[in-house]
Amino acid sequence: MAEIRVENLHRSFGDVAAVRNSTFTIPDGDFFCLLGPSGCGKTTTLRMIAGLELPTSGRILLGGDDVTFKPASQRDIAFVFQLFALYPHMTVRRNLAYPLRCQGTPRAETRRRVEEAARILRISHLLDRSVSGLPGGDRQRVALGRAIVREPRAFLLDEPLGALDAELREVMCDELRALHDRLNATMVFVTHDQIEAMSMADTIALMKDGRIEQIGPPQQLYDRPNSMFVADFIGSPPMSFVPFHGRVAPGDRSVRIGEIAVAVPEAREGSAEADLVLGARPEHVQLSSSAPLRAQVLDAEYLGTTQIVTLVTAHGATLRARVASDVAARPGDQTGLSFRPEKLSVFDRASGRALRSALHEDAHG
Amino acid sequence: MAEIVLDAVSKQFGRTPAVRDLDLRVADGELVVLLGPTGAGKTTTLRLVAGLEQPDAGRVRIADRDVTAEAPAVRDVAFVFQQYSLYPHLSVYDNLAFPLRAPARRMPEPDIDARVQDIARLLHIEDKLTKRATQLSGGQMQRVAIGRALVRRPAIYLMDEPLSSLDAKLRAELRIELKRIQRELGATILYVTHDQTEAMTLASRIGVLDEGRLVQLGSPREIYQDPVNVHVAARLGTPTVNLVPRGVFADVPAPPQTATIGVRTEHVRIKKSANGKSTGRVRWIEHLGDQCHLHVTVAGTDVVTLGDPDIGLAVGDAVDIEMLAPLFFDARGERVRA
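Residues numbered from 1 in each chain as written. Chains lettered and ligands numbered in written order. Predicted model: local features only at pLDDT ≥ 70, side-chain atom pairs only at ≥ 80, totals over all residues. Heavy atoms only, no water.

It is not clear to me how the sheet that holds strand β11 (residues 240–248) of chain A should be interpreted in this structure. Could you clarify?
All names here are of chain A. The three strands lie next to each other as β11-β14-β20, forming an open sheet whose pairing is antiparallel. Two strands in the sheet have a free side with no partner beyond their single neighbour: β11 and β20 (345–348). Neighbour to neighbour, the strand axes of the sheet diverge by 35° on average, direction disregarded. As paired elements, strand β14 (residues 271–280) and β20 share four bridges and run antiparallel to each other. Its bridge partner lying in β20, Leu 276 is registered against Asp 348. (Pairing = 2+ DSSP bridges. Helix = DSSP H or I, 4+ residues; strand = E, 2+ residues; numbered from the N terminus. Axes fitted to C-alpha atoms, helices over the stretch in contact; angles between N-to-C directions.)

How should I be thinking about the side chain of A:Arg75 in this particular structure?
Residue and element names in this part refer to chain A. On the secondary structure map, Arg 75 appears in the loop between β5 (65–66) and β6 (77–80). Among buried charged residues, Arg 75 stands out as having no salt bridge; its nearest opposite-charge side chain is Asp 66, 7.5 Å away. Reaching out from Arg 75, the side chain makes a polar contact with the backbone oxygen of Ile 49 at a distance of 2.9 Å. A polar contact of 2.9 Å, which involves the side chain of Arg 75, links it to the backbone oxygen of Val 67. Beyond its immediate sequence surroundings of up to four residues, Arg 75 is in contact with Met 48, Ile 49, Ala 50, Gly 51, Ile 60, Leu 62, Val 67, Thr 68, Phe 69 and Lys 70. (Buried < 20%, exposed > 50% of the residue type's maximum accessible area, 1.4 Å probe, protein only. Lys, Arg positive; Asp, Glu negative; His and termini not counted. Salt bridge = Lys/Arg side-chain N within 4 Å of Asp/Glu carboxyl O. Polar contact = N/O pair within 3.5 Å; in protein donor to acceptor, adjacent residues only side chain to side chain. Contact = heavy atoms within 4.5 Å.)

Please clarify how the nonpolar core should be interpreted in this entry.
A general trend in soluble globular proteins is that nonpolar side chains are found buried together. If you look at the biggest cluster of nonpolar residues, it comprises 50 residues, and the most contacted ones within it are B:Val116, B:Leu150, B:Tyr157, B:Tyr191 and B:Ile206. Among residues more than four places away in sequence, those in contact with B:Leu150 are B:Ile119, B:Leu122, B:Leu123, B:Tyr157, B:Ile181 and B:Leu185. (Core = buried A, V, L, I, M, F, W, Y, C linked by side-chain atoms within 4.5 Å.)

Could you clarify how one ought to interpret the side chain of B:Arg264 in this entry?
Residue and element names in this part refer to chain B. Tracing the chain through its elements places Arg 264 in the loop between β12 (260–263) and β13 (268–272). For the buried Arg 264, which has no salt bridge, the nearest side chain bearing the opposite charge is Glu 266, at an N-O separation of 5.2 Å. A polar contact of 3.0 Å, which involves the side chain of Arg 264, links it to the backbone oxygen of Tyr 224. Not counting the four nearest positions on each side in its chain, Arg 264 is found in contact with Tyr 224, Ala 233, Leu 236, Gly 237, Val 241 and Asn 242.

Whenever I open this one, the environment of A:Pro218 confuses me. Can you help?
Residue and element names in this part refer to chain A. Along the chain, Pro 218 turns up in helix α7 (residues 218–223). Given the relative accessible area of 11%, Pro 218 is considered buried. Aside from chain neighbours lying at most four places away, what touches Pro 218 is Ala 197, Met 198, Ala 201, Asp 202 and Ile 204.

In short, shape yes, function no, at least from these values alone.
Set out below in structure tokens:
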């Protein structure tokens, strides 16, 4: 297994820059996710690491070796495609053995590795079945097995759960994570689904327009987003935004939304008078009838333990609050809003960037 | 619009029963969600209503008409599938107009145009009409697929996991949208999902299916608060309801046939034990934003509670547990009422 390092990676297709000067390191044994909306450059980045696409400029290092211009076949990386391209006329065993036969691996060694991969994936009982009759989940396991037998230095997975139906996706999510932990392998996967990313990855690189917006553990992206884009992309429902006009000085512990002071984490960075945005996760918004920030309930979605209440403030900002389901909230109700001050973000509206505050110093994820 | 009635419907595939003696009535303007794991018979039920499958026994009625022997095309139902199947070479407009241009309908083009424009407004895709289907994002494509069902104004709508191919955010958005559209149109919808959030938020009533049987039918609140058995209790709620052997809480008064006690995380109260008497020990604290889940070991069983981060407990602390509104189940998993 190996560390993957990407330096100033750039890729243009004609006039369009798909990936712009990306630099990041994927530590050995990391379960790393390239996340982002379609067209953000995540798949292009993955394909460049695999050698299926050549960069316009920049370098790719695999375990310290510069592989930027090596063909895919010499990189010792396994690539698992979204549509698991198996040989339909072959048995599971022959599908698994195929990459090794192509490499001229001795028969006994092939047999050992195939059986080992089948054991890891818990498909030993399927070895002599034809792949054409297998359900989606098992086909995906065979596709992964074909990567495992090669004992590569890293695994690259392009939307590994994209071709599965919803329920199986949740099962395979757990399974992929467990597989990663058993193999202790460097794995990089691409997805557009933040829930998949949040539940599987050690590290997420969230991309937008060919650039990495933020890179870090899932909890960090969730708790301390660098930008409104990250705050909005991660979380379901996403972070709510309350626009306001004002200024922030370093050391400030509150912002003024109209006439109302709202406590926030101590500012480390100031802003001249500008259009700013207060950001709050649904679980950090509370309904309290006496709070000065007034809002009207638009909708309440009952979820059992909790409910998601959609509210609109007097100046037109829409917020979502996750509160206990016994809190009374009916469409049309007037209420007040309060927040968990130490969890709030403040953004500059024009750039979307978060203003640095005590929030960003919180060491506990 | 119209109601759907399933009357003692059964269906087997080979020797495997898929749907067993199912009775269900979806009232006019109601959205009933069938919820259950894979193989519970949800999709088969939907396909039986659509006429894509024939029942072995029982009757299917739509709008007071027995349609059991009718072909799918004459049943006046619209079906939305999990994977949106649009015509890639057609524009959004033509995709929406397609069902109306069927020769059998003989609908004049101005009427078609009026309907397409109406539906596009409802779905907020007016500005996308001239685009090709393939130029749309996933969420927009699924909106068009739903639009294609709506545009026909059928008697009833059947939807098979229509949102599950979308990512979480789009799913949440379209969920709210779908609910709004359903209310506005007063549409009768039978909807299949395995996703409890979807079921809880969309449904007028939820029907929980298990191995082809309808085990409970009721409003989301009824199903969550008053489950008929262990399966239903465990199917709804995150985190999952705590299910603890009766013996672990010997001092909780319970009916004699009780084998398992179920208690929701929000109904477990814990406090640091005083006077040396304790019921459990904190094993692990899981921080989740504003709340935390405390995993407490009680006589070898894990009980998960919902707590405030400021609760002042640490791993290893001895705690007392109090249960509010416990649910009792017998050895077969059936609910026992006190």
